[in-house]
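# What the coordinates show
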Amino acid sequence: RSLTFHNINECDLNIISKHVDLNHLTSFSCSIQKDTNSSMVTTTNFLSSIIQKPNLRKFEFDLDNNQLSEISWSNICTIEYLTINNTISISNLYYILKCGPHLRTLIVKLTYDKILDENTSITFPQLISLTIEGINETIDQLESFLLLTPSLIYLKLIDESQIFDGKRWEQFIHIHLPYLNKFEFYFKEIEEFHGNVGHIESLIASFQTPFWLEHKKWFVKSECTLD
């Protein structure tokens, strides 16, 4: 029912896969040591076959974005919980969401390539939990993606760019994420510090309005590190 490979060599993975019955698999997880290009082709074919198993509900792997592009995602994919422990482009992520009508929870590391210019009127209401780590996008780019996920109940963002704006997040969540009841985030603001404590207080003040403290009961803490 459940199978996990940790740091396995591609050649070994492909050998073992020939001797295991995967038809009843509900959970599959693997981290792979990249071997040769020929092994990679076999690996992506193997993972493509795993994705199409009718009982699969949980899937976790760490292929890079180029390898991920080689995987074929079934249009009737049954995965409900997906973790990609590597960077993924917006276009690849968009493709996966289109092929995941049952996908409820998604954990990814996002890289920005372009604003979605295909059919941005499409949304993915099946997704209710989203975690994005290592974001380097602007708040405009991130909002463009989050517009596609209007049913989110849980959102977690770990961000290295400067999107520390409580007022803007308040407006966006109020209008576009009406079901969100848990929001966890780590935002970083980098700038020169000249003893201006008032500026730091103004940043955190935008997260201390009635929306944050009374309506949502989301309490935000800030920390200042001086180098």
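Preceding block: the structure.
Because the structure is predicted, anything quoted here is derived from the model rather than measured.

Quick notes on the rules
- Residues numbered from 1 in each chain as written.
- Predicted model: local features only at pLDDT ≥ 70, side-chain atom pairs only at ≥ 80, totals over all residues.
- Heavy atoms only, no water.
- Buried < 20%, exposed > 50% of the residue type's maximum accessible area, 1.4 Å probe, protein only.
- Helix = DSSP H or I, 4+ residues; strand = E, 2+ residues; numbered from the N terminus.
- Arc of directions from axis to C-beta.
- Polar contact = N/O pair within 3.5 Å; in protein donor to acceptor, adjacent residues only side chain to side chain.
- Contact = heavy atoms within 4.5 Å.
- Phe/Tyr/Trp six-rings, centres within 6.5 Å; stacked < 30°, edge-to-face > 60°.

### Section: helix α1 (residues 10-17)
Listing the buried residues of α1 in full gives Glu10, Leu13, Asn14 and Ser17. The buried residues of α1 occupy one face: seen down the axis, they fall within an arc of 95°. For α1, the N-terminal capping position is held by Asn9, with its side-chain oxygen 2.7 Å away from the main-chain nitrogen of Cys11.

### Quick notes on helix α6 (residues 166-176)
Among all positions of α6, only Gly166, Trp169, Phe172 and Ile173 are buried. Seen along its axis, α6 keeps its buried residues to an arc of 130°; they face one direction. Looking at α6, the residues exposed on the side facing more than 90 degrees away from the buried face are Lys167, His174 and Ile175. Buried residues belonging to α6 abut α5 (139-146), β7 (154-159), β8 (182-186) and α8 (210-215). With a side-chain oxygen positioned 3.3 Å from the backbone nitrogen of Lys167, the residue opening α6 is Asp165.

### A word on the packing of aromatic side chains
Counting across every chain of the model gives 20 aromatic pairs. Measuring from ring centre to ring centre gives 5.7 Å for Tyr94 and Phe124, while their planes differ by 75°; the resulting arrangement is edge-to-face. Of the two residues, Tyr94 sits in helix α4 (residues 90-98) while Phe124 sits in the loop between β5 (105-111) and β6 (129-135), which places them 30 residues apart along the sequence. The burial state of Tyr94 is the same as that of Phe124; both residues are buried. A connected cluster of aromatic rings, assembled from ring pairs, spans Trp169, Phe172, Phe183, Phe185, Phe187, Phe207, Phe211, Trp212 and Trp218.

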